[in-house]
Amino acid sequence: MKVLLRGKLICAACACLSLFLLTAGQAALAEVMTIDQAIEYALEHNPVVGMARENIEKSKAMVDQATSVGMPKLNAQGTYTRLDQVSEVSIGDRTVKLNELDSQAANLSLSQPIDVFGVIKTGKHAAKLTKASSQHEYDQAKNDTTLRVKEAYYAVLRAQQFMDVQQKRVEQLEAHLQETRLHLKAGTAAPFDVLRAETEVADAKQGLISAQNGVELAKAAFNNTLGRDLSAAVELDEPGPPQIVDLQLASCLDSACTNRPEVLKMQSQQALAQDMVHIARQGSKPQVNLNWQMNHSLSTTMFNPRPSSWTAYLTVSMPVFDGGKTRAAVNQAKADANSVKLGYDQTVLAVKLDTQQAYLSLNESREKISVAQKALEQARESMRLAQVRYKAGVSTQVEVFDAQTALTQAETNHVNAVYDYYTALAQLEKAVGGRTQMAKLTESALKVASESVGDNR
């Protein structure tokens, strides 16, 4: 029985060792991904961005289709005819065939619309505006995806920092437990103190388990944002200290109203709605077409001796009465244009509100970083003093636990402050129109700050 039990224990130990080595190997093989690489991967594989990209291709085809409306149309047609009998007519003592039993003919026709009132030109312009709108929609999808990737990226790093905080808490409480046991042996602590310390360690380990689970959930959410398998290994590059920038709200609002894809998209749709009004008004205008047709017959008769002939003609068609169809179409197009105008105004207001919220959140998180840093330094000093006093026997265990709780809370607050700033910076970047516009605003702000420092000197 002992041999069997020992064998099972050895097998279990080998299995645990194999699992550990496999996990460690996977972690070693996982490439460290920077935030720029994560964004690039998401823009390539995210389905939302992919659909927006396909809409651009669709709008390009619409432009080609609208262009083809004004191009000449050339059609070729061949016919073969067989009659049940040949028609004949008697002229004197002669019998003349009016047609042949079998006949073949070939027709070539050319049609060219003449855009007198600019309907075709307007339609082509409308298709180009649709393409521009699709491009802005694609840019919007990229901005939204970039923000989601950054939020998911920072969420993973935040969760890992939380786990590190909980891990340090466990290590510090375990060290305190060992210290308490030494005090118990020395007779300077009661058994209840050891029990209380063990309870604190158990509680800290539960917090560590929750933090570890939070890391795994954050990694799964990150993979989902990138369009990767949820179980794919995630190793992220930790960014450096956050760059504190002092931007002006007026500049951010101006950039947002000028460069946000949502605003540019609505501007394109406004122009498109006006084109639709113009096209609807042309419903009562004449349509002019130039046509040319060539006929070639392989079977000639006395009454049709020429094998080839051509005809050219100009057609003008104009609706006399359409039952109010054109008027209704114009009214509908005007209503659509007014609706788009209201949508544009609403979009501008929403963009301004979004930008102001992101700006205020950035300022708030920036202030929290300095406050959290000072609180963290004080909590660390309080923890050090509490440990020294306890080892010297001049304080109680409660003081150490209170200091540990305050330190854990201060470290958590500091982590939140830092990654709240990263997130707010990403949100403001999206609000002002994207990474390029944010870089311009940051460069301008840093330049103004350096000039101000130079003037003060």
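Predicted model only: the values in this text are computed from it and were never measured.

Enquirer: Got a minute to help me understand the side chain of Thr408 in this structure?
Expert: Note on placement: Thr408 falls in helix 9 (residues 397-431). Assessed through its relative accessible area of 9%, Thr408 is described here as buried. Discounting residues that sit within four places of it in the chain, Thr408 has contacts with Val165, Gln166 and Arg169.

Enquirer: So what exactly am I meant to see when it comes to the side chain of Gln437 here?
Expert: Structurally, the position occupied by Gln437 is in helix 10 (residues 435-456). Of note is the side chain of Gln437, whose polar atom sits 3.2 Å from the side chain of Asn259. Setting aside residues up to four positions removed in sequence, Gln437 forms contacts with Ser255, Asn259 and Val432.

Enquirer: Help me out: how do you make sense of the layout of surface pockets in this one?
Expert: By rolling a water-sized probe across the atoms, one finds the places where empty space is left. As a volume, the largest pocket reaches approximately 460 Å³. Forming the walls of the largest pocket are 21 residues, and the residues nearest its centre are Lys150, Tyr154, Tyr422, Leu425 and Glu429. Taken together, the elements giving at least two residues each to the lining of the largest pocket come down to helix 2 (35-45), helix 4 (119-186), helix 9 and helix 10. Counting residues per element, the lining of the largest pocket draws most heavily on helix 9, which supplies five residues.

Enquirer: For this particular structure, what's the right way to read the pattern of salt bridges?
Expert: Proximity of charged atoms lets side chains of opposite charge pair with each other. As enumerated under the stated definition, the model contains 19 salt bridges in all. Note that Lys60 and Glu57 form a salt bridge whose closest N and O atoms lie 3.6 Å from each other. With Lys60 and Glu57 both in helix 3 (residues 47-69), this residue pair falls three residues apart, about one helical turn. Among the residues examined, Glu57 registers a relative accessible area of 42% and is labelled partly exposed. Each of Asp144, Arg260, Glu262, Asp354 and Lys430 takes part in a single network of salt bridges with overlapping partners.

Enquirer: Can you help me understand the sheet that holds strand 8 (residues 308-317) in this one?
Expert: By definition, the strands of a sheet pair up through backbone hydrogen bonds, in either a parallel or an antiparallel sense. Pairing is antiparallel in the open sheet, where four strands are placed in the order 2-5-7-8. Each edge of the open sheet carries a strand with a single partner, namely strand 2 (73-82) and strand 8. Between one strand axis and the next, the sheet turns by 20 degrees as a mean value, whatever way the strands run. Two elements, strand 2 and strand 5 (residues 102-114), share 10 bridges in a ladder whose sense is antiparallel. Across the sheet, residue Ala76 finds its bridge partner in strand 5, namely Leu108.

Enquirer: Which parts of the structure should I look at to understand the confidence of the model for the chain?
Expert: Low-pLDDT portions of the prediction should not be read for the details of their coordinates. Per-residue pLDDT for the chain averages 86, and the proportion of residues at 70 or more is 90%. Taken together, the stretch residues 1-29 has pLDDT below 50 and engages in one contact with residues farther than four places along the chain or on a different chain.

Enquirer: What am I meant to see in the nonpolar core here?
Expert: One recurring pattern in soluble globular proteins is that nonpolar side chains are buried together. Ala38, Tyr153, Tyr154, Phe222, Leu226, Leu236 and Tyr419 are the most contacted members of the largest nonpolar core, which totals 23 residues. For this core, the elements supplying multiple residues, two or more each, are helix 2, helix 4, helix 5 (191-226) and helix 9. Apart from the residues lying within four places of it in its own chain, the contact partners of Leu236 are Val32, Met33, Tyr153, Val156, Leu157 and Phe222. Among the nonpolar cores identified, the runner-up in size contains 17 residues, and Val245, Leu247, Val432 and Ala445 belong to it.

Enquirer: Explain the pairing of strand 5 to me, please; I cannot follow it from the model alone.
Expert: The two faces of a sheet get side chains in turn, since along a regular strand they alternate between them. Relative to strand 7 (residues 287-297), strand 5 runs antiparallel, the two sharing 10 bridges. Opposite Asn107, over in strand 7, you have Asn295 as the bridge partner.

Enquirer: When you look at the packing of aromatic side chains in this model, what are you seeing that I'm missing?
Expert: Geometry of an aromatic ring pair is reported as the spacing of the ring centres plus the angle between the planes. Under the criterion given, the structure shown has five aromatic pairs. Arranged with centres 6.1 Å apart and planes meeting at 90 degrees, the rings of Tyr153 and Tyr154 form a pair that is edge-to-face. By relative accessible area, which is 9% here, Tyr154 ends up buried. Taking the centre distance of 5.0 Å and the plane angle of 20 degrees together, the rings of Tyr154 and Tyr422 count as stacked.

About the criteria used
Residues numbered from 1 in each chain as written. Predicted model: local features only at pLDDT ≥ 70, side-chain atom pairs only at ≥ 80, totals over all residues. Heavy atoms only, no water. Helix = DSSP H or I, 4+ residues; strand = E, 2+ residues; numbered from the N terminus. Buried < 20%, exposed > 50% of the residue type's maximum accessible area, 1.4 Å probe, protein only. Contact = heavy atoms within 4.5 Å. Polar contact = N/O pair within 3.5 Å; in protein donor to acceptor, adjacent residues only side chain to side chain. 1 Å grid on protein atoms, 1.4 Å probe; cavity = no way out; pocket = protein on both sides within 12 Å on 5 of 7 lines; lining within 4 Å. Points joined across faces, edges and corners; volume = space filled by probe spheres on them. Salt bridge = Lys/Arg side-chain N within 4 Å of Asp/Glu carboxyl O. Pairing = 2+ DSSP bridges. Axes fitted to C-alpha atoms, helices over the stretch in contact; angles between N-to-C directions. pLDDT = per-residue confidence, 0-100. Core = buried A, V, L, I, M, F, W, Y, C linked by side-chain atoms within 4.5 Å. Phe/Tyr/Trp six-rings, centres within 6.5 Å; stacked < 30°, edge-to-face > 60°.

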